[in-house]
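Structure assessment
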Amino acid sequence: MRRRLSLVVPLFVCVTSVLAASPDIDPRVPALLARLTLEEKVGQLVQLSSRADMTGPVEKSSLTPQLQAGGVGSMLNVSGAAETRRWQQAAVASSRHGIPLLFALDVIHGYRTIFPIPLAAAASWDLACIEESERIAAAEAAAAGLHWTFAPMIDIARDARWGRIAEGAGEDPFLGAAVARARVRGLQGDGRYTAPDRLLACAKHFAAYGAAQAGRDYFTTDVTERVLREVYLPPFRAALDAGVATFMSGFNDLDGTPCSASGFLLTDILRREWDFGGFVVSDWASIREMIQHGSAGDLRAAAQQAMLAGLDMDMEGGAYAAHLAELVRSGAVPEARLDAAVSAVLSAKFRLGLFDDPYRFNDEARESATLLHPDHLAAARDLARRSCVLLKNTGVLPLAPETRTVALVGPLADAPLHQLGAWRARGRPEDTVTIRTALAEIFPGERLRYAPGCAVRGEDTTGFAAARAAAEAADVVLVALGEDADQSGESTSRTSLDLSGPQVALLRELRAAGKPIVLLLLTGRPLLLEEIESLVDAVLVAWHPGTMGGPAVADLLTGAANPSGRLPVSWPRRVGQLPLFYAHKNTGRPAPLDAGDRYYTRYLDAPNAPHFPFGFGLSYTTFAYDELRLASPTLRADGPPLTVRVRVRNTGSRAGEEVVQLYVRDRVGSVTRPVRELKGFAKIALAPGEARTVEFQITPADLAFWRADRTWGPEPGQFDVFVGPDATAELSASFRLE
Ligand code: BGC
């Protein structure tokens, strides 16, 4: 999905001549384009919701005239093989050219089979499983009539106050890029869009939306070009390299320009530098919102700015439908620019095979055979198992085989909806297997004593007595606390990251029962544990684990599976530390120069370090690292990669999986460089006592950054390599880049 536009200057003037020759434009497009009126062309760039959204009845009548006039190119929030067929019929049968609609939905972590939220999946560090989860999500969604998902969400997030941290892969550009590639491959397959069981993917939100000031959703972003290129763009570049079909512009204004009007992002970087040949959709009404941003005086100006910047499709903004035809007629927008946008949209429809058979994705038999297929449920359980992160364990886990009675407490122990997390697509609570249901099979009858204790929010403590009684009667207490499904995701910023409502009070009450306590934390983001850590004997972060979260958690509790998740974010101690990330700069005053010196970078009331570092996670076994060896003390800029080897041994008595992580520090640069940056990882399985040598390759390109002269590349000099189980890895060596 890439084309060479470097010769096209200015971009829009020569677009038509490029169109015919471009490999991204389907050869059938120009003939169709030539038959469309201006209004019909604009229609292809209009995306509307069904007006049914997620809950209400569908009122087709309001959209029918627009569909008949060819005034809609795509719809979002409709789904189901039968439902999408009805909409498709309305468009194809009644409009002049019978151009099929493109149906889109937010399939963010599964369609009907809901996988763990994306932050959780990233914690698996298991790219093959993540790819497989997207293949399944695409198969289910495509069987339900969909062509396109607004995923993957690949915003780097370094501030847990921002609720959308749940939707991405965490704080790190290297891990984020790897996950982005896996997700795009899983959704799109080989990227030719011809398979009936894959979807068009959409890299969002372009760009730096995760840098919202103060962690407040939709708030201003103001990052330097260096931070943009080094931190926020790498996952987008990776998605593009994996062939992503579409991009979505962010809601945010970046350095004073709303992303939907940013020619810098949408044309200079995306088209000119990166040769993207697909199309860009706005976020919901983000063209219209340029008026509120104060960068456009009215809707017409907003439409013009967005179109000239390179934004192709207007999601629910009403701007293109109302003004684009007139803007082209008056010469305010070149028709060639319009043609380029329409051609990209039509090309996607041709490639999906919709002109050959508009109902290709509308097979109800396929739909019912595909949704919730047992293989899909097994994959969801597997990914959920791999996503959970064990943060503390005094030895209470795995539960001893002789455990007779278990108390299961907490508002999230039997919460079928909340377990699914934000963006549930068509996931249903009734399909969810909760922690309670799963444990009831293992501890039948009276052996499982369930008492929710309280709700996630509010002040009601009347359930405490029953919870405490359950705890007193049990050998061990499992407490499922955290966030409900509406406390993370879009528009869920928080200033407090403490457990809400009476949850901490419930923990204290349970502590008084004197039994070992395991905290099962169901959450979309890191929550503060410093104060409550001492109240519990183990902490297992289960995130929002999806449809099969219950059995997955049970597998880990009993030891049928061994925790192997590792944090994709630095886990803060205090909200005041945010934004928090391991790849920070050293500063001029990293540590006191003299004992007693107070003028160095620190807080008076908390350490700088996170509570748990990026990459951290415990296992029921232990691992040791040694024999770190570099194949050479130098890496030549034009030479072969440098091989790094390290030996990892399972030193415990259980089989387990370790995420071996490699970090690099560039000691001196033309600009200051982070104290360390992840440059490689490998998830390996080791039997008890087994040792394996893990090999990494470092290339000069891995060491590239945005240099002082505003070019991308590495600089010669000395580099440190650290290998180990998390971002504080101590085993190190060094080499020179020459
Ligand atoms: C979100 C997007 C989403 C879109 C369509 C917006 O509010 O920011 O991530 O794809 O809605 O549902």
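Counting its secondary structure elements, the protein chain contains 21 helices and 26 strands. For 738 residues, the compact-globule estimate of 2.2 N^0.38 gives 27 Å, and the C-alpha radius of gyration of the protein chain, at 26 Å, lies within 12% of that figure. Over its C-alpha atoms, taken along the principal directions, the protein chain stretches across nearly 75 × 65 × 45 Å. Across the 738 residues in the protein chain, those meeting the buried criterion constitute 61%. Considering only intrachain contacts with a sequence separation of at least 6, the fraction spanning at least 24 residues in the protein chain is 79%. Surface accessibility of the protein chain: about 26,000 Å² in total, with carbon and sulfur atoms responsible for 51%. Each charge sign in the protein chain was given a centre, from 77 positive and 86 negative side chains, and these centres are 2 Å apart.

A word on the sheet that holds strand E26 (residues 731-737). Taken in spatial order, the 5 strands of this open sheet run E18-E26-E25-E20-E21, and their pairing is mixed. Looking along the sheet, the strands with just one partner apiece sit at the ends: strand E18 (634-635) and strand E21 (677-686). Pairing of strand E25 (residues 717-724) with E26 involves 7 bridges; the strand directions are antiparallel. Bridge pairing in E26 places Phe-719 opposite Phe-735.

Residues in contact with the ligand amount to 13 residues; listed here are only the nearest, Asp-106, Arg-164, Lys-204, His-205 and Asp-283. For the ligand, an oxygen atom lies 2.7 Å from a polar atom in the side chain of His-205. A distance of 2.6 Å is found between an oxygen atom of the ligand and a side-chain nitrogen or oxygen belonging to Asp-283.

Taken as a whole, this structure holds 19 aromatic pairs when the rule is applied. With centroids separated by 5.0 Å and ring planes inclined at 90 degrees, the aromatic side chains of Trp-125 and Phe-681 adopt a geometry described as edge-to-face. Here Trp-125, found in the loop between helix H6 (118-123) and helix H7 (127-143), pairs with Phe-681, found in strand E21; they are 556 residues apart in sequence, far enough to count as distant. Summarising the burial analysis for this pair, Trp-125 and Phe-681 share the class buried. For the pair Phe-206 and Trp-274, a centre-to-centre distance of 6.0 Å together with 55 degrees between the ring planes defines the contact as tilted. Taken together, the residues Phe-206 in strand E5 (residues 202-206) and Trp-274 in the loop between helix H11 (263-273) and strand E9 (279-281) connect sequence positions 68 residues apart. Accessibility assignment for this pair places Phe-206 and Trp-274 in one class, buried. Put simply, the rings of Trp-125, Phe-174, Tyr-582, Phe-614, Tyr-663 and Phe-681 pair up and form one aromatic cluster. A cation over an aromatic ring shows up here: Arg-158 above the ring of Phe-581, its NZ or CZ 4.0 Å from the ring centre.

All right, on to the state of the cysteines then. Chemically, a disulfide is nothing more than a covalent bond linking the sulfur atoms of two cysteines. Under the defined criterion, the tally for this structure stands at 0 disulfides. The thiol of Cys-129 is not disulfide-bonded; the next cysteine sulfur, from Cys-388, is found 13 Å away. Residue class for Cys-129 comes out buried when judged on its relative accessible area of 16%.

Moving on to the side chain of Arg-494. With respect to the helices and strands, the residue Arg-494 is situated in the loop between strand E14 (476-482) and helix H20 (503-511). At 2.8 Å, the side chain of Arg-494 and the backbone oxygen of Asp-498 are in polar contact. With sequence-adjacent residues up to four places away left out, Arg-494 is seen in contact with Arg-161, Glu-483, Gln-487, Ser-500, Arg-525 and Leu-527.

Averaged over all residues, the pLDDT of the protein chain equals 95, while 96% of them reach at least 70. Here residues 1-20 is modelled with pLDDT under 50, and outside its nearest four sequence neighbours on either side it reaches 49 contacts, counting other chains as well. Note that residues 53-58 has pLDDT below 50 and, in this model, 9 contacts with residues that lie over four places away or in other chains.

Moving on, we get to the environment of Val-231. Here Val-231 is to be found in helix H9 (residues 225-232). By relative accessible area, Val-231 is classed as buried at 11%. Along the backbone, Val-231 and Leu-618 are 387 residues apart, and their C-alpha atoms lie at a distance of 27 Å.

With that settled, consider the side chain of Arg-271. Mapped onto the fold, Arg-271 is located in helix H11. A residue is classified by how much of its surface remains accessible, and Arg-271, at 5% relative accessible area, is buried. A polar contact is formed between the side chain of Arg-271 and the side chain of Asp-312, at a distance of 2.6 Å.

On to the environment of Asp-241, then. Here Asp-241 lies in helix H10 (residues 234-241). The partly exposed category is assigned to Asp-241, whose relative accessible area is 46%. A sequence separation of 180 residues divides Asp-241 from Gly-421, and the C-alpha atoms of the two residues are 30 Å apart.

Calculation notes
- Residues numbered from 1 in each chain as written.
- Predicted model: local features only at pLDDT ≥ 70, side-chain atom pairs only at ≥ 80, totals over all residues.
- Heavy atoms only, no water.
- Helix = DSSP H or I, 4+ residues; strand = E, 2+ residues; numbered from the N terminus.
- Rg over C-alpha atoms; globule rule 2.2 N^0.38 Å.
- Buried < 20%, exposed > 50% of the residue type's maximum accessible area, 1.4 Å probe, protein only.
- Contact = heavy atoms within 4.5 Å.
- Areas by Shrake-Rupley, 256 points an atom, 1.4 Å probe, with all protein chains shown as cover.
- Lys, Arg positive; Asp, Glu negative; His and termini not counted.
- Charge placed at Lys NZ, Arg CZ, Asp CG, Glu CD.
- Pairing = 2+ DSSP bridges.
- Near = heavy atom within 4 Å.
- Polar contact = N/O pair within 3.5 Å; in protein donor to acceptor, adjacent residues only side chain to side chain.
- Phe/Tyr/Trp six-rings, centres within 6.5 Å; stacked < 30°, edge-to-face > 60°.
- Lys NZ or Arg CZ within 6 Å of the ring centre and 35° of its normal.
- Disulfide = S-S within 2.5 Å.
- pLDDT = per-residue confidence, 0-100.

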